[in-house]
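The chain contents come next:
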Amino acid sequence: MNRRWHVLGAGSLGSLWAARLYRSGCDVELILRSPQRLAQYQQAGGLTLTENGQVHCYPVPATSIDNCGPVSLLLLACKAYDASAAISQLAPLLTADAEVILLQNGLGSQDQVARLIPKARCILASSTEGAFRQADFSTVFAGQGHTWLGDPQQSSSPSWLEDLQRAQINHDWTEDIASRLWRKLALNCAINPLTVLYDCRNGGLLEHQAEVASLCNELSLLLHAYTTPSTAAGLHEEVLRVITATAANYSSMHQDVAQKRRTEVAYLIGYACAGAERKQLQLPKLSALNSRLGNYLAAHGLPRH
Ligand code: NAP
């Protein structure tokens, strides 16, 4: 089918998706934030993707927001804290039947975006793929993974999934994307903030097992309040499995802090604490962790939220 993919944001995940869609023959256009950014991109000659040690440059067509034509299928590939501003800029360009895939980690930004574009279909994504930018427009595909996609409002799967198939983007359509996002949020809350505060790799948390266990208890209560019993089940066991399997890795939040980049904390533990408050759940360990993390970020010159 002749459809055009627009990808907003040529960062790590946006580039990874755009390069794979482009090389599989899809019609793809990148949307960059400004004519200056577009000029830098054109100078770079395309998106460079390093995968299994192989480096390829893909000359994916690009435009700047202010020159972009109508958008009917959009991959919003910016950070959670940039999503509302980005979609506000794009809203006037969305067609009446537009579909928007939200790649943001955590929770909260998806609702903010959906409120800004009430007529569009928003598809939520939860991805375990790993990519990082080694330079502008040059991305390393660091970890194979899987992307879950779903629409809490409408269970029918979109026809463009066939493009992901052809582009070899591992994915599945799920009727309960919200539970997946909540479960991933809980895993993140149990691991990432502590790796920042103890300045350690994921495996370092094996020395703080009691703290991890009590956090998992509270996070399970939160999952029970917002999702299904099966989503809450076995959280502590899974957290320990993840810590052990990724013992040598630094968490994404740790990497952000180490590189003095703003974190997505407001959409992770911040969202979890706000959710607990909404349901009048007392989660003292989680709340104390959120405060400690906020103080730590502020002391390191980073936004608390
Ligand atoms: P990233 O590398 O920082 O890329 C974000 C991109 O968004 C940047 O290229 C930025 O442009 C662009 N952007 C922001 N606002 C924009 C605007 N108004 N107009 C145009 N472009 C705009 O981030 P990422 O790592 O790909 O992460 C994206 C989301 O995916 C996050 O929520 C993250 O947690 C999630 N995620 C990432 C991974 C991963 O491995 N990277 C894995 C799973 C989930 P500039 O370059 O011009 O600043």
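Because the structure is a prediction, the values reported are computed rather than measured.

Okay, the site of the ligand next. For the ligand, the set of nearby residues contains 25 residues, the closest of which are L13, R33, R37, A131 and E264. At a separation of 3.5 Å, an oxygen atom of the ligand approaches a polar backbone atom of L103. Burial of the ligand by the protein chains amounts to 86% of its free accessible area of 900 Å². For the shell around the ligand, the secondary-structure elements that each account for two or more residues are α1 (12-23), α3 (83-90) and β9 (130-135). Looking at the shell around the ligand residue by residue, the class counts come to 10 nonpolar, 8 polar and 7 charged.

Another aspect to go through is the UniProt feature "domain: Ketopantoate reductase N-terminal" (unreviewed entry) in the chain. Under the UniProt annotation, "domain: Ketopantoate reductase N-terminal" (unreviewed entry) lies at residues 5-152. Taken end to end, residues 5-152 is 26% helix and 41% strand, and its two terminal C-alpha atoms sit 22 Å from one another.

Taking 1.5 Å as the rise per residue, helix α6 (residues 177-197) with 21 residues should run 30 Å; its terminal C-alpha atoms sit 30 Å apart, in good agreement. At N188, α6 shows its largest kink, close to 30°. Burial analysis of α6 places 18 of its 21 residues in the buried class, which makes it a mostly covered element. Looking one or two residues beyond α6, the residue adopting positive phi is D199, at roughly 45°.

Side chains of a nonpolar character, in soluble globular proteins, are inclined to be buried together. L8, L74, L76, V100, V239 and L286 are the most contacted members of the largest nonpolar core, which has 61 residues in total. Per element, the largest residue contribution to this core is 12 residues, and it comes from α6. Taken domain by domain, the makeup of this core includes at least three residues from each of domain 1 (4-175) and domain 2 (179-299). If we ignore the near neighbours within four places in the chain, the residues touching V239 are L187, A190, I191, V212 and C216. Of all hydrophobic cores here, the second largest spans 35 residues; its members include A19, C26, L149 and W160.

Right, let's talk about the pattern of salt bridges for a bit. Here the structure, examined in full by the defined rule, presents 14 salt bridges. As a salt-bridge pair, D27 and R4 come within 3.1 Å of each other at their nearest N and O atoms. Taken together, the positions of D27 in strand β2 (residues 27-32) and R4 in strand β1 (residues 4-8) put the pair 23 residues apart, joining distant regions of the chain. Exposure remark for D27: the relative accessible area of 29% places this residue in the partly exposed category. The exposure class of R4 is partly exposed, given its relative accessible area of 38%. Between D256 and R261 there is a salt bridge, with its nearest N and O atoms 2.8 Å apart. Its relative accessible area of 6% is what places D256 among the buried residues. Linked through salt bridges whose partners overlap, the residues forming this network are R3, E162, D163 and R166.

Conventions and cut-offs
- Residues numbered from 1 in each chain as written.
- Predicted model: local features only at pLDDT ≥ 70, side-chain atom pairs only at ≥ 80, totals over all residues.
- Heavy atoms only, no water.
- Near = heavy atom within 4 Å.
- Polar contact = N/O pair within 3.5 Å; in protein donor to acceptor, adjacent residues only side chain to side chain.
- Areas by Shrake-Rupley, 256 points an atom, 1.4 Å probe, with all protein chains shown as cover.
- Helix = DSSP H or I, 4+ residues; strand = E, 2+ residues; numbered from the N terminus.
- Nonpolar A, V, L, I, M, F, W, Y, C, P; charged D, E, K, R; others polar.
- UniProt positions renumbered as here; feature names shortened; annotations may be inferred.
- Expected span 1.5 Å × (residues − 1).
- Bend = angle between axes of the 7 residues up to and from the residue.
- Buried < 20%, exposed > 50% of the residue type's maximum accessible area, 1.4 Å probe, protein only.
- Core = buried A, V, L, I, M, F, W, Y, C linked by side-chain atoms within 4.5 Å.
- Domains from an automatic or database assignment.
- Contact = heavy atoms within 4.5 Å.
- Salt bridge = Lys/Arg side-chain N within 4 Å of Asp/Glu carboxyl O.

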